[in-house]
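# Descriptive analysis of the structure
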Amino acid sequence: MASKSKSSWRSKLKKLGRAVVCRTLERQVKRLRAKREFKVIAVAGSVGKTSTKAAIAKTLEAASLRVAWQAGNYNDRVTVPLIFFNQDEPSILNVLAWLRIFWQNSRMMRRPYPYDVVVVELGSDGPGQMQHFSYTQPDIAVLTAIMPEHMAYFGTLDAVAAEELDMLRYSKQALINIDDTPAKYLEGRQFMSYGLDGKADYQVLAWRQLELEDGVMTIALPDGARLEAASAIVGKQGVKIVLAAAAAAHMAGLTQDDIAKGVAGIKPFAGRMQILEGIHDSILIDDTYNASPPAVKAALDVLYATKAPQRIAILGSMNQMGDYSPDAHREVGAYCDAGKLDLVVTIGSDAETYLAPAAREAGCEVQSFASPYQVSEFVKSRLKAGGIVLAEGSQDGVFAEEALKALLKHPKDQSRLVRQSAHWMKIKREQFLR
């Protein structure tokens, strides 16, 4: 009983501390916005937020702009304001650390601001959270997609759309991916659009994947000009990320030369179609950060289009799909092409229950496991020289990045995988290695 009471007290204290921290940081950002001139670009959406944020930031940096951004997942109410002041997040109960941050932020506001642009990612796990970011007052709001996400909390796609589009209410301009945002949610709204759709203001007229991490694309700008750009980002989803970066940079006033230079420097990010060297001269496509049907299907397209003597797809359960989960997994399973896949390996309960049967029905050889470590040893035993392995997955109960470790040619590349901190490794040990 005492232990339960202590836990309840600690939870209440953390909730109170979080509220105080959020209000203080938000007031500081408001004062900063009022005192200093700089642009804010905010990225939201159901998928691709982190990669799009990073691509935009790197494109702007290549034009010699001073950009404040955070490479990881600072996208909630506590962490977003920290980006404006280039601060790291301490424990919510570390009072001295937070007092130091508040003091340092106040000092920073009395000096010339060291950044021209702040690029942030705005995340929401449920209805009503996006409204808390109104203090950021974005000059450009980028919406990557409206798709099923966190459905256990949202329930319907209408609720997802209402939440993601709330960002437009407090933004000066909007840039929206119309390929992956149902048109009914955009009726009556003012925005610039991007996508492969021929009706988009910013669109890709042509793109060629020369080989993994090597492609070229032609981008049409709203004024009729065309931009030729090289790209190391692979697949259809990767092309849209590069296009979003080019469009946002154009809206921010960059020249075509600066944009082309910027997007050419964008490299695949950890856990997002990252290319790694594998054992037996194999190639590993690391797309393990998160998973949704459109993203998995786009990654499979890249796998299908890559010449190799053997193709293996490691497909983990897609978390947070709610009631949509059975259909989502069946959709991916049915997309598995027996003529282009030598083996499908699943991780997790939903993948085994729904995805695996659909893949078998499509003619694929399928093996299912509960642990990524079991998958790792199995795939290692089946991998042929020159083969290619795609790994897709989410977090809890999956952690597909762990399936890649035994397949890496260079063990040091383990540090390039997602979720390798002590915090995450402890969670993985508790789930799989008890």
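You'll find the structure just up there.
Now for a look at the structure at hand. (Residues numbered from 1 in each chain as written. Predicted model: local features only at pLDDT ≥ 70, side-chain atom pairs only at ≥ 80, totals over all residues. Heavy atoms only, no water.)

## Some remarks on the nonpolar core
- The biggest cluster of nonpolar side chains holds 48 residues, and the ones touching the most others in it are F84, W98, V118, V120, L122, L165 and M167.
- Counting residues in each nonpolar core, the second largest holds 42 residues, with A55, Y202, M217 and A225 among its members. (Core = buried A, V, L, I, M, F, W, Y, C linked by side-chain atoms within 4.5 Å. Buried < 20%, exposed > 50% of the residue type's maximum accessible area, 1.4 Å probe, protein only.)

## Here we look at the pairing of strand β1 (residues 39-44)
- Summarising burial for β1: 5 of the 6 residues are buried, a large majority.
- Across 5 bridges, β1 lies against strand β3 (residues 117-121) in parallel orientation. Paired with V40 across the two strands is V118, which belongs to β3.
- Note: β1 against strand β4 (residues 140-143), 4 bridges, orientation parallel. Of the residues in β4, the one forming a bridge with I41 is I140. (Helix = DSSP H or I, 4+ residues; strand = E, 2+ residues; numbered from the N terminus. Pairing = 2+ DSSP bridges.)

## Some remarks on the packing of aromatic side chains
- Applying the stated criterion to the full structure yields 9 aromatic pairs.
- The interplanar angle of 65 degrees and the centroid separation of 6.3 Å between the aromatic rings of F38 and F84 together place this pair among those described as edge-to-face. Within this pair, whereas F38 is found in the loop between α1 (2-35) and β1, its partner F84 is found in helix α3 (residues 80-84), the two being separated by 46 residues in sequence. For the pair F38 and F84, a shared accessibility class is recorded, and that class is buried.
- With a centroid separation of 5.9 Å and an interplanar angle of 65 degrees, the aromatic rings of F399 and W424 are classed as edge-to-face. With a gap of 25 residues between them, F399 in the loop between β15 (388-392) and α13 (401-404) and W424 in helix α14 (residues 422-432) connect regions that are remote in the sequence.
- Overall, the relative accessible area of 21% leaves W424 in the partly exposed class. (Phe/Tyr/Trp six-rings, centres within 6.5 Å; stacked < 30°, edge-to-face > 60°.)

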